[in-house]
Amino acid sequence: MNKRLKHWLIGLAIFVVVICIGIGSAGFYFYNMAVARGRKTFINNSTAIKKSDPLYREKSWYRGTKKYTWRETSATENLKLVASYVPASKKTNKTIVIAHGFGGSSSKMGEYAGLFHELGYNVLLPDDRGAGRSQGTYIGYGWPDRLDYLKWIKQVIHRNGPQSQIVMFGTSMGGATTMMVSGEKTPKQVKAYIEDCGYTSIYDEIKYQAMSMYHIPEYPLVPVVSGINYLSNGYTFKQASALKQVAKNHKPMLFIHGTSDTFVPTKMVYPLYRADKGPKRLVLVKGAQHAKSYSHAPGLYRSVVKAFLDRYFN
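Fair warning: this is a prediction, and the values are worked out from it, not measured in the lab. (Residues numbered from 1 in each chain as written. Predicted model: local features only at pLDDT ≥ 70, side-chain atom pairs only at ≥ 80, totals over all residues. Heavy atoms only, no water.)

*Asks:* Quick question: what am I supposed to make of the packing of aromatic side chains here?
*Replies:* Given two aromatic rings, their pairing is described by the distance between the two centres and the angle made by the two planes. Using the criterion set out here, one finds twelve aromatic pairs in the structure. Judged by centre distance (5.2 Å) and plane angle (70°), the ring pair of F116 and F169 falls under edge-to-face. One end of the pair, F116, is in helix 3 (residues 110-118); the other, F169, is in strand 5 (residues 165-171), with 53 residues separating them in the sequence. For the pair F116 and F169, a shared accessibility class is recorded, and that class is buried. Through a chain of ring-to-ring contacts, three or more aromatic side chains come together here, namely Y112, F116, F169, Y294 and Y301. (Phe/Tyr/Trp six-rings, centres within 6.5 Å; stacked < 30°, edge-to-face > 60°. Helix = DSSP H or I, 4+ residues; strand = E, 2+ residues; numbered from the N terminus. Buried < 20%, exposed > 50% of the residue type's maximum accessible area, 1.4 Å probe, protein only.)

Pasting the structure below:
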């Protein structure tokens, strides 16, 4: 090997190492941004309640109402989880389990708790692992949480009795969580699901956000971040698929999505709806942005949800 070729190969090796270090560093940076627990900002995460808010009544009610604290242990990792429970005004065996969105917690879901309480249901609002009052070092985007929600559901049955009837509801990440739960073997007491603007898979959503928010292409960054998540948390982003899970569901499912959603693009709802095997309905709320369908069209939202529950939850 002549000296020039040797220098060229050494230079190439250094270049490859630098590129790998750069990609790895970027991967860890975006893992911390997207997955690691911390202060996450989100489009619908404000705690302030304005009187001009079309859902002021529901949010104010939830903030002021008495809440009972329930506790659970996560299905894996032995984490302490916390939820708020509000019984219906009139005793009932019907309960709505509410899953919150990315960067949120149970405290950010007051308008939905208010809606279901007005309709006469008990409501249970867990804080996912890595959120709110629950333990955890990362956001699971619904995948590990799906098993935790099965434990919450069993706790509802244990506390409220075997005659319990349960519907799971969630928005955004909570919508995806709801669909992920639907693919598991659920107790007979689970009657139906309502998902609002959930994504097809963690991989699809992070790929979309990488391009939408940072103008970064899928390769090589998203697979790298997925690999870091696998090493840290035991699953890949592609494995965590609401699309594959909902394809195993045979219970009723209501799909809701705003037509102006640019956070979880509206186009994601169509393959999800097609994949579902149970009785189903798709409602597109014209002009609604991400997780804003209820505030954008409160009357429509209430009527659609009530009609679905009246049909499958009686």
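And the narrative resumes.
*Asks:* Would you mind going over the environment of K277 with me for this structure?
*Replies:* Position of K277 among the secondary structure elements: in the loop between helix 9 (269-275) and strand 8 (280-285). With 25 residues separating them in the primary sequence, K277 and P252 have C-alpha atoms 8.8 Å apart. With residues up to four places along the chain from it excluded, the contact list for K277 reads V246, A247, N249 and H250. From its side chain, K277 meets the backbone oxygen of A247 in a polar contact 3.3 Å long. (Contact = heavy atoms within 4.5 Å. Polar contact = N/O pair within 3.5 Å; in protein donor to acceptor, adjacent residues only side chain to side chain.)

*Asks:* Explain the environment of Y68 to me, please; I cannot follow it from the model alone.
*Replies:* With respect to the helices and strands, the residue Y68 is situated in strand 1 (residues 68-73). Residues Y68 and Y85 lie 17 residues apart in sequence; the distance between their C-alpha atoms is 5.0 Å. When neighbours within four sequence positions are excluded, Y68 is seen to be in contact with A83, S84, Y85 and P87.

*Asks:* Could you clarify how one ought to interpret empty space enclosed by the protein in this entry?
*Replies:* If you roll a probe as big as a water molecule over the atoms, it shows you where there is empty space left. For the structure shown, the criterion picks out two cavities of 30 Å³ or more. Approximately 40 Å³ is the volume attributed to the second largest cavity. As for the second largest cavity, its lining consists of L81, D127, D128, R129, D145, D148, Y149 and W152. For the lining of the second largest cavity, the element with the highest residue contribution is helix 4 (residues 143-160), accounting for four residues. Among the residues making up the lining of the second largest cavity, the classes are represented as three nonpolar, no polar and five charged. (1 Å grid on protein atoms, 1.4 Å probe; cavity = no way out; pocket = protein on both sides within 12 Å on 5 of 7 lines; lining within 4 Å. Points joined across faces, edges and corners; volume = space filled by probe spheres on them. Nonpolar A, V, L, I, M, F, W, Y, C, P; charged D, E, K, R; others polar.)

*Asks:* I tried to follow the nonpolar core on my own but got confused; where do I start?
*Replies:* The nonpolar side chains of soluble globular proteins are, as a tendency, buried together. With 54 residues, the main nonpolar core has L124, Y141, Y199 and I202 as its most contacted residues. With seven residues, the top contributor of residues to this core is helix 4. The contact partners of L124, leaving out residues within four places of it in the chain, are W70, A83, S84, Y85, T95, I96, V97, I98, W152 and V156. (Core = buried A, V, L, I, M, F, W, Y, C linked by side-chain atoms within 4.5 Å.)

*Asks:* Would you mind going over a nonpolar patch on the surface with me for this structure?
*Replies:* Taken together, the side chains of M33, M213 and Y214 define a hydrophobic patch exposed on the protein surface, amounting to about 280 Å² of accessible area. If you trace the backbone, Y214 turns up in helix 6 (residues 202-214). With relative accessibility at 36%, the residue Y214 sits in the partly exposed group. (Patch = residues over 30% accessible without salt bridge, like charges linked within 9 Å, V, L, I, M, F, W, Y side chains within 5 Å. Areas by Shrake-Rupley, 256 points an atom, 1.4 Å probe, with all protein chains shown as cover. Salt bridge = Lys/Arg side-chain N within 4 Å of Asp/Glu carboxyl O.)

*Asks:* For this particular structure, what's the right way to read the packing of helix 4 against helix 5 (residues 173-182)?
*Replies:* A pair of packed helices can be characterised by two numbers: the angle between their axes and the separation between those axes. For the pair helix 4 and helix 5, the least separation of the axes is 9 Å and the interaxial angle reads 70°. Classified by the angle between their axes, helix 4 and helix 5 sit roughly perpendicular to one another. Mapping the contact onto sequence places W143, D145, R146, Y149, L150 and I153 in helix 4 and T177, M180 and V181 in helix 5. (Axes fitted to C-alpha atoms, helices over the stretch in contact; angles between N-to-C directions. Parallel < 35°, antiparallel > 145°, perpendicular 65-115°, else oblique.)

*Asks:* Just checking my understanding: could you explain helix 6 for this structure?
*Replies:* Given 3.6 residues per helical turn, the α-helix brings residues three or four places apart onto the same face. Spanning 13 residues, helix 6 covers 17 Å between terminal C-alpha atoms, matching the ideal 18 Å at 1.5 Å per step. Taken residue by residue, helix 6 has I202, Y203, E205, I206, Q209 and A210 as its buried positions. Seen end-on, helix 6 carries its buried residues on one side only, within an arc spanning 165°. The elements touched by buried residues of helix 6 are helix 4 and helix 7 (221-233). Backbone geometry just downstream of helix 6 places H215 in the positive-phi region, at approximately 60°. (Expected span 1.5 Å × (residues − 1). Arc of directions from axis to C-beta.)

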